[in-house]
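Notes for the structure review
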Amino acid sequence: MSVLVNKDSKIIVQGFTGSEGTFHAEQMIEYGTNVVGGVTPGKGGQEHLGRPVFNTVEEAVQKVGADTTIIFVPPAFAADAIMEAASAGIKVIITITEGIPVADMVKVSDYIKHLDCRLVGPNCPGVITPGEAKVGIMPGFVFKKGHVGIVSKSGTLTYEAADQVVRQGLGITTAIGIGGDPIIGTTTKEAVELLINDPDTNCVVMIGEIGGQLEADAAQWYKASGSKKPIVGFIAGETAPAGRTMGHAGAIVGGSDDTAQAKKRIMRECGIHVVDSPAEIGLKVKQVLG
């Protein structure tokens, strides 16, 4: 089992013929991901990387049955690309683009809330189900198949956590990079819930950072769910000064509950196994799985 993407996902790339889209689509195809085509307006009818190019997402849905998209469209046009995918019936929309204006994401959020789709990102590394589908920009070789799910706001820490888990002789079911922007599609709670409900996932690694309520919401949901599956948690940004954005646009301490210390306290109170350094993630997963 897996969540969001697997070997049967029919994936298109929006921004397919651009430099970013081309580079990462090539890597995805090399990994064995089922990329069925791409979209670049005005270039429909051409072939790129041995796959058909379409003018619209709707055309890709009709002609190759696309159900998943990865978006490498520049920030000014990315919101339109997300809404186009959602209205065309794409079920999983993974948005890599960084720097989409917050006002645009407010519109996107409102537009997709009544549609049957799931947005991951923006400003995220994507989603990978090892050995089946890499729909993102992560280094595929780090991830090995197994029974540990990963949810992370940070791309780099997603890869670090996966590497640590694999070094302990374990592997990953699905890793979801949710992105670090103030407004994102899939929240920490929603991603954790997907993995807790996945019969193949025996443990979840949850990596958060300062700013916002996402990790506290996830921790409270986990406690209320009564799930016996262990969660190992880490919060980045322990030394960040209050009131300053650190790296991600969403990583800014606004109130007393936004700090790393407060988040870790809430997580511990909700039964999550919290580590103080990312270097301890793999070992802690091994311990809690016995």
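This one's a predicted model, so the numbers in the text were calculated from it and none came from an experiment.

Another aspect to go through is the overall build of the chain. Of the regular secondary structure elements, the chain holds nine helices and 14 strands. Relative to the compact-globule value of 19 Å for 290 residues, the chain shows a C-alpha radius of gyration of 18 Å, a close match. The C-alpha extent of the chain, read off along each of the three principal axes, is 55 × 40 × 30 Å. A burial count over the chain gives 54% of its 290 residues as buried. A separation of at least 24 residues holds for 73% of the contacts in the chain among residues at least 6 apart in sequence. Accessible surface computed for the chain: about 11900 Å², of which carbon and sulfur atoms make up 52%.

A few words now on the pairing of strand S10 (residues 145-152). Taking burial as the measure, the eight residues of S10 include six buried ones, the bulk of the element. Across five bridges, the pairing between S10 and strand S11 (residues 172-177) is parallel. Each bridged residue has a counterpart across the sheet, and for Lys 145 the counterpart in S11 is Ile 172. One crossover worth recording links S10 to the parallel S11 by way of helix H5 (residues 155-167), and it is right-handed. Pairing analysis gives five bridges linking S10 to strand S12 (residues 203-209), with the strands arranged parallel. Within the sheet, the bridge partner assigned to Gly 149 lies in S12 and is Val 204.

Now for the sheet that holds S10. Spatially, the seven strands line up as an open sheet ordered S9-S8-S11-S10-S12-S13-S14, and their pairing is mixed. The open sheet has two free edges, formed respectively by strand S9 (133-136) and strand S14 (273-274), since each of these has just one partner strand. Across the sheet, helix H1 (residues 19-31) is in contact with strand S8 (126-129) and S9; its angle to S9 comes to roughly 170°. Relative to the sheet, helix H8 (residues 260-269) contacts S12, strand S13 (231-236) and S14, its axis offset from that of S13 by approximately 170°.

With that settled, the discussion passes to the pattern of salt bridges. What the rule picks out here adds up to 13 salt bridges. For Lys 91, the salt bridge identified is with Asp 116, shortest N-O distance 3.5 Å. With Lys 91 in the loop between helix H3 (75-87) and strand S6 (92-95) and Asp 116 in the loop between helix H4 (102-112) and strand S7 (118-120), this pair connects stretches of sequence that are 25 residues apart. Judged by relative accessible area, which is 39%, Lys 91 ranks as partly exposed. Assessed through its relative accessible area of 60%, Asp 116 is described here as exposed.

What follows is about the layout of surface pockets. In this structure, the largest pocket encloses a volume near 470 Å³. Broken down by secondary-structure element, the contributors of at least two residues to the lining of the largest pocket are H1, H3 and H5. The greatest single-element share of the lining of the largest pocket, amounting to four residues, is contributed by H3. Of the residues assigned to the lining of the largest pocket, the class counts are twelve nonpolar, 13 polar and five charged.

With that settled, the discussion passes to the packing of H5 against helix H9 (residues 281-288). Two elements in contact, H5 and H9, have axes whose closest approach is 7 Å; the angle formed by their N-to-C orientations is 50°. By the angle class used here, H5 and H9 are oblique. Handedness of the crossing formed by H5 with H9: right-handed. Together, Ala 161, Gln 164 and Val 165 of H5 and Ile 281, Gly 282 and Val 285 of H9 make up the contact between the two elements. By residue class, the composition of the contact of H5 with H9 is four nonpolar, two polar and no charged.

In this section: the nonpolar core. Counting 45 residues, the largest nonpolar core has Ile 70, Ile 94 and Ile 176 as the members making the most contacts within it. The greatest single-element share of this core, amounting to five residues, is contributed by helix H7 (residues 214-225). Aside from chain neighbours lying at most four places away, what touches Ile 94 is Val 5, Thr 69, Ile 70, Ile 71, Val 120, Cys 124, Gly 126, Val 127 and Val 135. Judged by nonpolar contacts, the second largest core, of 25 residues, contains Val 39, Ala 86, Val 108 and Leu 119.

Before going further, it helps to examine H8. Of all the residues in H8, the buried ones are Ala 260, Ala 262, Lys 263, Lys 264, Ile 266 and Met 267. Residues of H8 that are buried make contact with S12, H7, S13 and S14. Just past H8, the residue Gly 271 takes up positive phi, approximately 90°.

The rules behind the values
- Residues numbered from 1 in each chain as written.
- Predicted model: local features only at pLDDT ≥ 70, side-chain atom pairs only at ≥ 80, totals over all residues.
- Heavy atoms only, no water.
- Helix = DSSP H or I, 4+ residues; strand = E, 2+ residues; numbered from the N terminus.
- Rg over C-alpha atoms; globule rule 2.2 N^0.38 Å.
- Buried < 20%, exposed > 50% of the residue type's maximum accessible area, 1.4 Å probe, protein only.
- Contact = heavy atoms within 4.5 Å.
- Areas by Shrake-Rupley, 256 points an atom, 1.4 Å probe, with all protein chains shown as cover.
- Pairing = 2+ DSSP bridges.
- Right-handed = clockwise from strand over helix to strand, strands pointing away.
- Axes fitted to C-alpha atoms, helices over the stretch in contact; angles between N-to-C directions.
- Salt bridge = Lys/Arg side-chain N within 4 Å of Asp/Glu carboxyl O.
- 1 Å grid on protein atoms, 1.4 Å probe; cavity = no way out; pocket = protein on both sides within 12 Å on 5 of 7 lines; lining within 4 Å.
- Points joined across faces, edges and corners; volume = space filled by probe spheres on them.
- Nonpolar A, V, L, I, M, F, W, Y, C, P; charged D, E, K, R; others polar.
- Parallel < 35°, antiparallel > 145°, perpendicular 65-115°, else oblique.
- Left-handed = near helix turned anticlockwise from the far one by under 90°.
- Core = buried A, V, L, I, M, F, W, Y, C linked by side-chain atoms within 4.5 Å.

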